[in-house]
Amino acid sequence: MHHEMLYNAFYNAMGGSSNDDWNAILKIIAGALASMYNYAQTNIPTYATMESIPADHSPDELDTIDVEDWSNAFNGCTSLTTLPNNFYIMHNAEDVEKMFNGCTNLVDASSVKFGNNVTSMYDTFAFCENLTVPPVIPNSVTSLSATFQSCYSLANSPIIPNNVTDMGWTFDSCSSLTVAPTLPESLESLNGTFAWSG
């Protein structure tokens, strides 16, 4: 989707030439721009057999301070069990939706520091079945929709920030969760928040 948007914008800006060769060049340039849109997805491997982050993709090797889009960065990494103690710098992160979705063997996410530009954590840790240590949720977050859905091993909830308005299905099927978190007064949606939970 982003590739097409960038291509169309660049194509139109250059006058919409019908020349096939020029059109091919524009596509290559637009493709490069699109790949930079989500630096995390482009530079951090997302293959399912990864148990830990490879050395050449470690936080020490990648400059991520300006990265805004982290959506789907580790989505489906079913073998990922550990994260570096010094995780990637995410000060400017804005989109983290589905970032760790389906990391079924990830246990500890405490090293992840999202920064204060994130407003939605939709599906960020959904289906992380073995997650026991969640990260700190930034005060900027307003939506925790399905964030920890089907995190069967999660026994303790993170602190819910005061700005959160949507907690639909946040802890759905968290069967080990025995103590409900303190809920902020700002909440507008609790649909299915604790469905099938402990």
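Please refer to the structure higher up on the page.
Visitor: Looking at this structure, I do not really get the environment of Gly102. What am I missing?
Guide: Structurally, Gly102 can be placed in the segment after α3 (39-43). Placed 48 residues apart in sequence, Gly102 and Ser150 show a C-alpha to C-alpha distance of 9.6 Å. The contact partners of Gly102, leaving out residues within four places of it in the chain, are Gly76, Cys77, Thr78, Ala126 and Phe127.

Visitor: Can you help me understand unusual backbone geometry in this one?
Guide: A positive phi angle, close to 65 degrees, is found at Asn72, a residue other than glycine. The exposure class assigned to Asn72 is partly exposed, which follows from its relative accessible area of 29%. In this structure, Ser150 takes a positive phi of about 65 degrees despite not being glycine. On the secondary structure map, Ser150 appears in the segment after α3.

Visitor: What exactly am I supposed to notice about the nonpolar core here?
Guide: Side chains of a nonpolar character, in soluble globular proteins, are inclined to be buried together. Of all hydrophobic cores here, the largest spans 39 residues; its most connected members are Phe74, Phe87, Met99, Phe100 and Phe125. Setting aside anything within four residues of it in sequence, one finds Phe87 in contact with Ile53, Pro59, Phe74, Met99, Phe100, Ser111 and Val112.

Visitor: Even after reading the chapter, I still don't get the side chain of Thr170, so can you show me in this structure?
Guide: Secondary-structure assignment places Thr170 in the segment after α3. At a separation of 2.7 Å, a polar atom in the side chain of Thr170 contacts the main-chain carbonyl oxygen of Leu144. Excluding its chain neighbours within four sequence positions, the residues that come into contact with Thr170 are Leu144, Ser145, Ala146, Thr147, Phe148, Gln149 and Thr193.

Visitor: Whenever I open this one, the side chain of Asp69 confuses me. Can you help?
Guide: Position of Asp69 relative to the elements: it lies in the segment after α3. Buried Asp69, no salt bridge; nearest opposite-charge side chain is Lys98, N-O distance 12 Å. Side-chain polar atoms of Asp69 contact the side chain of Ser71, separated by 2.6 Å.

Each value, and the rule that gives it
- Residues numbered from 1 in each chain as written.
- Predicted model: local features only at pLDDT ≥ 70, side-chain atom pairs only at ≥ 80, totals over all residues.
- Heavy atoms only, no water.
- Helix = DSSP H or I, 4+ residues; strand = E, 2+ residues; numbered from the N terminus.
- Contact = heavy atoms within 4.5 Å.
- Buried < 20%, exposed > 50% of the residue type's maximum accessible area, 1.4 Å probe, protein only.
- Core = buried A, V, L, I, M, F, W, Y, C linked by side-chain atoms within 4.5 Å.
- Polar contact = N/O pair within 3.5 Å; in protein donor to acceptor, adjacent residues only side chain to side chain.
- Lys, Arg positive; Asp, Glu negative; His and termini not counted.
- Salt bridge = Lys/Arg side-chain N within 4 Å of Asp/Glu carboxyl O.

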